[in-house]
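One-letter residues, chain by chain:
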Amino acid sequence: MSNTQIPITQQAVLIREFGEPDVMNYEDSVAVPILADEQVLVKVAYAGINPVDYKTRQGKGWGADNIRKDKFDHDQPAILGFDMSGEVVSSNSGQFAVGDKVAALTFNGGCYAEYVAVDAKLLAKVPESVTLEQAGALPCIGQTALQFVEFADIKKGEHVVINAPAGGVGHLLIQLLMNKVSQDNIKVTVICSPEKYAKLDALIDKSKLTSWIDYTKEEVFPDFQADVLLDLVGGDAGVRALDVLKSGGRVNVLPTIWVDKLVDAGSQKSLNVAGYKAQRSGQDMARVLEQVGTGKLKLQIQQTYPLSEAVAAHRELQKGDTFGKIVLKAD
């Protein structure tokens, strides 16, 4: 598609205030972005939905702070969405040409739309063995899972406990951890409901797990004297999970907003608590696409909604019982 065929306006999901899912409006006559230097215009095929999306919509965290400063303070609407896959339709970068299939994680938002402008350094080309639907689901959860397991710096023989092993990030992270069971002789315990535990069969060999904690039945969690907690929930659930750790154990938590709460709750055990926020990287995007393409990682997509049904998609994700990922189909 040449530049002359790119429309001036598009359909997109806009918010003009923070709040419940209904603040999102699917509208047409929205301006198509104009490219800056070293940017690429992508015709969006799929946009992933993440918990950070609905927290931003609610007015929480760094995403909402950026929208207040850059959009609402100037009486402009905002477009949510940090994950996307699609086809390059215009390029100000020598790395990407019109017609390339690409995917990216961008913290600038704008992905709940037909077109989005993305910095070239954040993009990766989608391999033939990966569908655009898969690629649109991957950017945030894939890069986060890869980076998070490296950030945790798990040593040989350590006992690692992970909660929420079947959600977006979790269902990839548990697979990366199970690779370490064979490579580094680590032990892995999962905290999840019986329903989610049953679904793990589609992802891993559960016989290689050290143990499973059913948080719906166990009032007090076992004192495993574990070395590391990978907390993908935070809040009161994260506090409960601290019981599994030894004194001086490590806690790595997503999102970072829960660090102070977990530091306070774990003070008697002198726990080392660190929050993590994914770093956008075209290289890491390429790494995770390659792992899905070669079958090293299995990606679970629970449901795909049309872009026009973003409100329903947010409501589904907010229930908190997703297995894998929810995506929006833009075209």
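Structure's up top.
Since the structure is predicted, the reported quantities are computational estimates derived from the model, not experimental observations.

**Student:** Even after reading the chapter, I still don't get the overall build of the protein, so can you show me in this structure?
**Tutor:** Each helix and strand counted, the protein has ten helices and 16 strands in total. In terms of C-alpha radius of gyration, the protein reaches 20 Å, essentially the compact-globule figure of 20 Å for 331 residues. When burial is assessed residue by residue, the protein has 53% of its 331 residues classed as buried. A sequence separation of at least 24 residues applies to 66% of the contacts in the protein between residues at least 6 apart. Accessible surface, the protein as shown: approximately 14,400 Å² in total, 47% of it carbon and sulfur. Taken as two groups, the 34 positive and 42 negative side-chain charges of the protein have centres that lie 4 Å from each other.

**Student:** What am I meant to see in the environment of Ala124 here?
**Tutor:** Within the secondary structure, Ala124 sits in strand 8 (residues 123–125). Under the relative-accessibility criterion, Ala124 is labelled buried at 5%. Spatially, the C-alpha atom of Ala124 lies 14 Å from that of Gln134, the residues being ten residues apart in sequence. If near-sequence neighbours (up to four positions away) are discounted, Ala124 is found in contact with Phe96, Lys101, Val102, Ala103, Gly282, Met285, Ala286 and Leu289.

**Student:** What should I look at first to understand the sheet that holds strand 12 (residues 226–231) in this one?
**Tutor:** Two modes of strand pairing occur in sheets, parallel and antiparallel, and in both the strands are linked by backbone hydrogen bonds. On the basis of which strands lie adjacent, the open sheet formed by six strands has the order 11-10-9-12-13-14 and parallel pairing. On the outer flanks of this sheet lie strand 11 (211–214) and strand 14 (272–275), each paired with one strand and no other. This sheet shows a mean twist of 20° between the axes of neighbouring strands, independent of strand direction. The sheet contacts of helix 4 (residues 139–152) involve strand 12, strand 13 (245–253) and strand 14, and relative to strand 13 the element is tilted by about 155°.

**Student:** What exactly am I supposed to notice about the environment of Ala164 here?
**Tutor:** As for its position among the elements, Ala164 is in the loop between strand 9 (159–163) and helix 5 (168–184). You can call Ala164 partly exposed: its relative accessible area is 28%. For Ala164 and Val263, which are 99 residues apart along the polypeptide, the C-alpha to C-alpha distance reads 20 Å. Non-local contacts of Ala164, meaning those with residues more than four positions away in its chain, are made with Gly170, Ile191, Leu232 and Val233.

**Student:** I'm lost on helix 9 (residues 282–293) in this one. Help?
**Tutor:** Residues that lie three or four places apart on an α-helix share one face, since the helix turns once every 3.6 residues. Taking 1.5 Å as the rise per residue, helix 9 with twelve residues should run 16 Å; its terminal C-alpha atoms sit 16 Å apart, in good agreement. Its side-chain oxygen 3.2 Å from the backbone nitrogen of Gln283, Ser281 forms the N-cap of helix 9. Phi turns positive one or two residues past the end of helix 9, at Gly295, with a value near 85°.

**Student:** Where do I start with the state of the cysteines in this structure?
**Tutor:** Simply put, disulfide is the name for a covalent bond between the sulfur atoms of two cysteines. Taken as a whole and assessed by the stated rule, the structure comprises zero disulfides. Cys111 forms no disulfide, and the closest cysteine sulfur to it belongs to Cys140, at a distance of 11 Å. We classify Cys111 as buried; its relative accessible area is 0%.

**Student:** What is the right way to read the pattern of salt bridges from this model?
**Tutor:** Side-chain pairs of opposite charge can arise where the charged atoms are in close proximity. Under the counting rule described, the total for this entry stands at 15 salt bridges. We note a salt bridge from Asp100 to Lys125, for which the minimum N-O separation is 3.8 Å. With Asp100 in the loop between strand 5 (83–91) and strand 6 (101–105) and Lys125 in strand 8, this residue pair connects regions lying 25 residues apart in the sequence. Residue class for Asp100 comes out buried when judged on its relative accessible area of 18%. Lys125 sits in the partly exposed class, given a relative accessible area of 48%. Here Lys261 makes a salt bridge to Asp236, at a shortest N to O gap of 3.3 Å.

**Student:** Would you mind going over the pairing of strand 10 (residues 187–192) with me for this structure?
**Tutor:** Along any regular strand, the residues point their side chains to alternate faces of the sheet. Of all six residues in strand 10, five are buried; the element is thus mostly enclosed. What joins strand 10 to strand 11 is helix 6 (residues 194–199), and the crossover it makes is right-handed.

**Student:** Help me understand the layout of surface pockets, please; the structure alone is not making it clear to me.
**Tutor:** If you roll a probe as big as a water molecule over the atoms, it shows you where there is empty space left. In this structure, the largest pocket encloses a volume near 1,400 Å³. As for the largest pocket, its lining consists of 50 residues, and the residues nearest its centre are Pro51, Lys55, Leu232, Val233 and Leu254. Those elements giving two or more residues to the lining of the largest pocket turn out to be helix 1 (51–58), helix 2 (61–70), helix 4, helix 5, strand 10, helix 7 (235–241), helix 10 (310–318) and strand 16 (325–329). Of the residues forming the lining of the largest pocket, the biggest block, six residues, is contributed by helix 1. Residue classes in the lining of the largest pocket are distributed as 28 nonpolar, 16 polar and six charged. Its volume calculated, the second largest pocket comes out at about 720 Å³. Around the second largest pocket, the lining comprises 29 residues; the ones closest to its centre are Lys71, Ile79, Asn108, Gly109 and Gly110. Among the secondary structure elements, those contributing two or more residues to the lining of the second largest pocket are strand 1 (9–15), strand 2 (24–31), helix 2, strand 4 (78–79) and strand 7 (115–119). For the lining of the second largest pocket, the element with the highest residue contribution is helix 2, accounting for four residues.

Cut-offs applied
Residues numbered from 1 in each chain as written. Predicted model: local features only at pLDDT ≥ 70, side-chain atom pairs only at ≥ 80, totals over all residues. Heavy atoms only, no water. Helix = DSSP H or I, 4+ residues; strand = E, 2+ residues; numbered from the N terminus. Rg over C-alpha atoms; globule rule 2.2 N^0.38 Å. Buried < 20%, exposed > 50% of the residue type's maximum accessible area, 1.4 Å probe, protein only. Contact = heavy atoms within 4.5 Å. Areas by Shrake-Rupley, 256 points an atom, 1.4 Å probe, with all protein chains shown as cover. Lys, Arg positive; Asp, Glu negative; His and termini not counted. Charge placed at Lys NZ, Arg CZ, Asp CG, Glu CD. Pairing = 2+ DSSP bridges. Axes fitted to C-alpha atoms, helices over the stretch in contact; angles between N-to-C directions. Expected span 1.5 Å × (residues − 1). Polar contact = N/O pair within 3.5 Å; in protein donor to acceptor, adjacent residues only side chain to side chain. Disulfide = S-S within 2.5 Å. Salt bridge = Lys/Arg side-chain N within 4 Å of Asp/Glu carboxyl O. Right-handed = clockwise from strand over helix to strand, strands pointing away. 1 Å grid on protein atoms, 1.4 Å probe; cavity = no way out; pocket = protein on both sides within 12 Å on 5 of 7 lines; lining within 4 Å. Points joined across faces, edges and corners; volume = space filled by probe spheres on them. Nonpolar A, V, L, I, M, F, W, Y, C, P; charged D, E, K, R; others polar.

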